[in-house]
Amino acid sequence: MTRLDRLCAGIAAVAALATAAPAGAHHSFAMFDHVNRITLKGTVAKFEWTNPHVFIGLDVPDGAGATKRYTVECASPNVLTRVGWKFNIIKPGDQITVLVNPLKNGDPGGMLETATLADGRTLSDSNPPGGVFQR
Amino acid sequence: MSKPIAPSRLLAGACLALIAATAAGAALAEPNITGRWARYPRPASQTPPDPKLAPPRAGEPELKEPYAAAFKELRRKQRESDEKGEPLANGGAECIPGGVPSMMGAIYPIEILQTPKQITVIAEAGSEVRRIYLDEKSPPLEDIPPGYYGASYGAWKGNELTVETLGVREDVRYRDIPHSSKLKIVEHFKLVSPDVLHDTVTFEDPDYLAKPYTVTFAYQRLPDYKMLEYVCENNRSYVDANGVTRMKLDPESKK
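Each residue is numbered by its place in its chain's sequence as written, counting from 1. Naming scheme: in the order in which they are written, chains are lettered from A and ligands are numbered from 1. Per-residue local features of the predicted model are confined to residues with pLDDT of at least 70, and side-chain atom pairs are confined, for both listing and counting, to 80 or more; whole-chain, interface and lining totals are unaffected and use all residues. The basis for the side-chain values is all heavy atoms of the structure; hydrogens and waters are excluded.

**Structural notes on the side chain of Glu187 of chain B**
All names here are of chain B.
Part 1 of the argument: Looking at the secondary structure, you find Glu187 in strand S7 (residues 184-193).
Part 2 of the argument: Among the polar contacts made by the side chain of Glu187, one reaches the side chain of Arg130 at a distance of 2.8 Å.
Part 3 of the argument: Residue contacts are defined here by distance: any two heavy atoms, one from each residue, within 4.5 Å place the two residues in contact. Setting aside its immediate chain neighbours within four residues, Glu187 contacts Met104, Arg130, Leu161, Thr162, Val163, Thr165, Asp199, Thr200 and Val201. Under the DSSP-based scheme used, a helix requires at least four consecutive residues in state H or I and a strand at least two consecutive residues in state E, with every element numbered from the N terminus. In protein, a polar contact requires one atom able to donate a hydrogen and another able to accept it; more generally it is a pair of N or O atoms within 3.5 Å, and residues adjacent in sequence count only if both atoms are side-chain atoms.

Right under this line is the structure:
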């Protein structure tokens, strides 16, 4: 973690404590590794514009001629709409690159931070810095 | 020829006029809170909130024993599980509604519809709905079927709306804070500026709370916002045998 990351995490943690905690967050995000982020490049197999979360099924080449399916959890359609996403912004077959917080248990899945689309646009998942997630 | 008006009738007339003016004034004093509202300050906002409009910090409730010790232990377990990356489940992970007052936390915007006899609150998250009946007497606790939203009855007094809620089910908890079936939730809604609304929520529970516990939710108007639907249909979170929240992978992810 860089000094800036730590500072951001600190500010976000203080900000979160300063007000009444928002009840009803869909689930805790402690199952994801917010520090050791990974980048995955692959082909979209599924794009599910659903609640409580949007999901991307991403087939990532394993370097040996096969692919591995990653399950990437995004924010909700509501949150993503507010930061510029659309229900059809990603389609099966699209080549995309995603920056994710991987599952701590090592399963092939994680939570999205950013997605870079085939046309070069990078979309945020709207997470504030420091792993304080309210979505 | 006109008869002189008796002083007593003049006085009565003046009183009636005063009563009418007061009633009109009271009616005018009721603010219009119809509209869409987002939590204030915004969670990811880069600009610091106005301290005069931001809600005060809530802290933790003062529970009676043995509930205080059990609650402290729950918070310890939650912290420990989070650090391990195995968060303990709550109802939200299973798409169970938050109820009252959790839905008022407005993780996503809320919509308030104000009419003379009823105030309806619709939360975008989970499409939760609560109805607050105005100027009616609440049924007694024993006649209210325990539920997520209980029975909410309120009245305007000047520019402040006071609402009392009874009948929130014991397993419907705000931030996991335990309560008895006797829980009474008292809310005061007030505009602290033309576009910032506060809902000051006080929990009263003679069995569980050593003293009333208050949290304040603050909202800012979203004038042009249109509420989005939210149907919790694709929940990939599940709770394992140890009460830990896990994410169900795509069936092909295991290949």
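**Considering the pairing of strand S2 (residues 110-114) of chain B**
Residues and elements named next belong to chain B.
Part 1 of the argument: The buried fraction of S2 amounts to four of the five residues, a majority that puts the element mostly inside the structure.
Part 2 of the argument: By the bridge criterion, three bridges tie strand S1 (residues 35-39) to S2 in an arrangement that is antiparallel. Each bridged residue has a counterpart across the sheet, and for Gly35 the counterpart in S2 is Ile112.
Part 3 of the argument: Summarising the sheet, S2 and strand S3 (residues 118-123) pair through five bridges and their orientation is antiparallel. Bridged to Glu111 within S3 is Ile122.
Part 4 of the argument: Should DSSP find at least two bridges between two strands, the strands are regarded as paired. A loop of three residues connects S2 with S3, the two strands running antiparallel in sequence. Whether a residue is buried, partly exposed or exposed follows from its accessible area with a 1.4 Å probe, protein chains only, as a fraction of its type maximum: under 20%, in between, or over 50%, in that order.

**Remarks on the environment of Val35 of chain A**
Residues and elements named next belong to chain A.
Part 1 of the argument: Mapping Val35 onto the fold places it in the loop between helix H1 (3-18) and strand S1 (38-48).
Part 2 of the argument: When its relative accessible area of 46% is taken as the criterion, Val35 is described as partly exposed.
Part 3 of the argument: With 65 residues separating them in the primary sequence, Val35 and Val100 have C-alpha atoms 10 Å apart.

**Some thoughts on the pairing of strand S9 (residues 213-221) of chain B**
Across a regular strand the side chains alternate sides, sitting on one face of the sheet and then on the other.
Residue and element names in this part refer to chain B.
Part 1 of the argument: Here S1 pairs with S9 via three bridges, running antiparallel. Looking at the pairing, Trp37 lines up with Arg221 of S9.
Part 2 of the argument: Taken together, the eight bridges between strand S8 (residues 196-204) and S9 define a ladder with antiparallel strand orientation. Looking at the pairing, Phe203 lines up with Tyr213 of S9.

**Topic: the nonpolar core**
Residue and element names in this part refer to chain B.
Part 1 of the argument: Of all hydrophobic cores here, the largest spans 35 residues; its most connected members are Met104, Ile110, Ile112, Ile119, Val121, Phe203 and Tyr219.
Part 2 of the argument: Secondary structure elements with two or more residues in this core: helix H2 (67-84), S2, S3, strand S4 (129-134), strand S6 (160-166), S7, S8 and S9.
Part 3 of the argument: Take this core: its biggest share by element is four residues, from S9. Nonpolar cores are built from buried Ala, Val, Leu, Ile, Met, Phe, Trp, Tyr and Cys residues. Side-chain atoms within 4.5 Å join them into one set.

**Section: the pattern of salt bridges**
Part 1 of the argument: Salt bridge, as applied in this entry: a Lys or Arg side-chain nitrogen positioned within 4 Å of an Asp or Glu carboxyl oxygen. Scanning all chains against the criterion turns up 24 salt bridges over all chains.
Part 2 of the argument: Of the charged contacts, one joins Arg69 of chain A and Glu252 of chain B as a salt bridge, the two residues approaching to 3.1 Å between their closest N and O atoms. Here the residue Arg69 of chain A occupies a position in strand S3 (residues 67-73), and Glu252 of chain B occupies one in the segment after strand S11 (245-247), the pair thus bridging two chains.
Part 3 of the argument: For Arg69 of chain A, a relative accessible area of 7% gives the class buried.
Part 4 of the argument: Across the pair Asp119 of chain A and Arg121 of chain A runs a salt bridge whose closest N-O atoms are separated by 2.9 Å.

**A word on the state of the cysteines**
Part 1 of the argument: By convention in this document, the label disulfide applies to cysteine sulfur atom pairs within 2.5 Å. In total, this model carries one disulfide over all chains according to the counting rule given.
Part 2 of the argument: Paired through a disulfide, Cys95 of chain B and Cys232 of chain B show a sulfur-sulfur distance of 1.7 Å. In this pair, Cys95 of chain B is assigned in the loop between H2 and S2 and Cys232 of chain B in the loop between S9 and strand S10 (237-239), connecting sequence segments 137 residues apart.
Part 3 of the argument: Here Cys74 of chain A is not cross-linked by a disulfide; its sulfur's nearest cysteine counterpart is in Cys232 of chain B, at 15 Å.

**Things to note about H2 of chain B**
Three or four residues apart is the spacing at which side chains of an α-helix point the same way, because the helix has 3.6 residues per turn.
Residues and elements named next belong to chain B.
Part 1 of the argument: One fewer than the residue count of a helix, multiplied by 1.5 Å, yields its expected span. For H2, which comprises 18 residues, the first-to-last C-alpha distance of 26 Å matches the rise-based estimate of 26 Å (1.5 Å per residue) to within 8%.
Part 2 of the argument: Within H2, the full set of buried residues consists of Ala68, Phe71, Arg75, Gln78 and Ser81. Buried residues of H2 fall within an arc of 155° about the axis and therefore sit on the same side. Structural note: H2 exposes Lys72, Glu83 and Lys84 on the side pointing more than 90 degrees away from its buried face.
Part 3 of the argument: Of the residues trailing H2, Gly85 is marked for its positive phi of about 80°. The directions from the helix axis to the C-beta atoms form the arc being described.

**A few points about the environment of Glu164 of chain B**
Residues and elements named next belong to chain B.
Part 1 of the argument: Note that Glu164 resides in strand S6.
Part 2 of the argument: Separated by 111 residues in sequence, Glu164 and Leu53 place their C-alpha atoms 24 Å apart.
Part 3 of the argument: When sequence neighbours within four positions are dropped, the list of residues in contact with Glu164 reads Ala151, Ser152, Tyr153, Lys184, Ile185 and Val186.

**Considering the packing of aromatic side chains**
Part 1 of the argument: Two rings from Phe, Tyr or Trp (for Trp, the six-membered ring) form a pair when their centres sit within 6.5 Å of each other. Planes less than 30 degrees apart are called stacked, planes more than 60 degrees apart edge-to-face, and all others tilted. Inspection of the entire model under this criterion finds nine aromatic pairs over all chains.
Part 2 of the argument: Between Phe47 of chain A and Trp85 of chain A, the ring centres sit 6.5 Å apart and the planes meet at 20°, which makes this aromatic pair stacked. In this pair, Phe47 of chain A is assigned in strand S1 and Trp85 of chain A in the loop between helix H2 (77-82) and strand S4 (95-102), connecting sequence segments 38 residues apart. Across the pair, exposure class does not vary: Phe47 of chain A and Trp85 of chain A are buried alike.
Part 3 of the argument: Clustering of aromatic rings is evident, with ring pairs tying together Tyr174, Phe203, Tyr213 and Phe217 of chain B.
Part 4 of the argument: When the ring centre of Tyr108 of chain B is taken as reference, the NZ or CZ atom of Arg82 of chain A above it lies at 5.4 Å.
Part 5 of the argument: Put simply, a charge is over a ring when the Lys NZ or the Arg CZ is close to the ring centre, within 6 Å, and near the line of the ring normal, within 35 degrees. A cation sits over an aromatic face here: Arg236 of chain B above Phe55 of chain A, 4.2 Å from the ring centre.

**Quick word on the sheet that holds S2 of chain B**
To summarise the sheet geometry, strands pair through backbone hydrogen bonds and adopt either a parallel or an antiparallel arrangement.
Residue and element names in this part refer to chain B.
Part 1 of the argument: Pairing in this closed barrel of nine strands is mixed, and the strands run S1-S2-S3-S4-S5-S6-S7-S8-S9 around the ring. Across the sheet, the mean angle from the axis of one strand to that of its neighbour is 30°, orientation sign disregarded.
Part 2 of the argument: Pairing of S3 with S4, which is carried by five bridges, proceeds in the antiparallel orientation. When the bridges of S4 are listed, Ile119 appears paired with Ile132. Orientation is described by axes fitted as lines to C-alpha atoms, over the contacting stretch for helices, and by angles from 0 to 180 degrees between their N-to-C directions.

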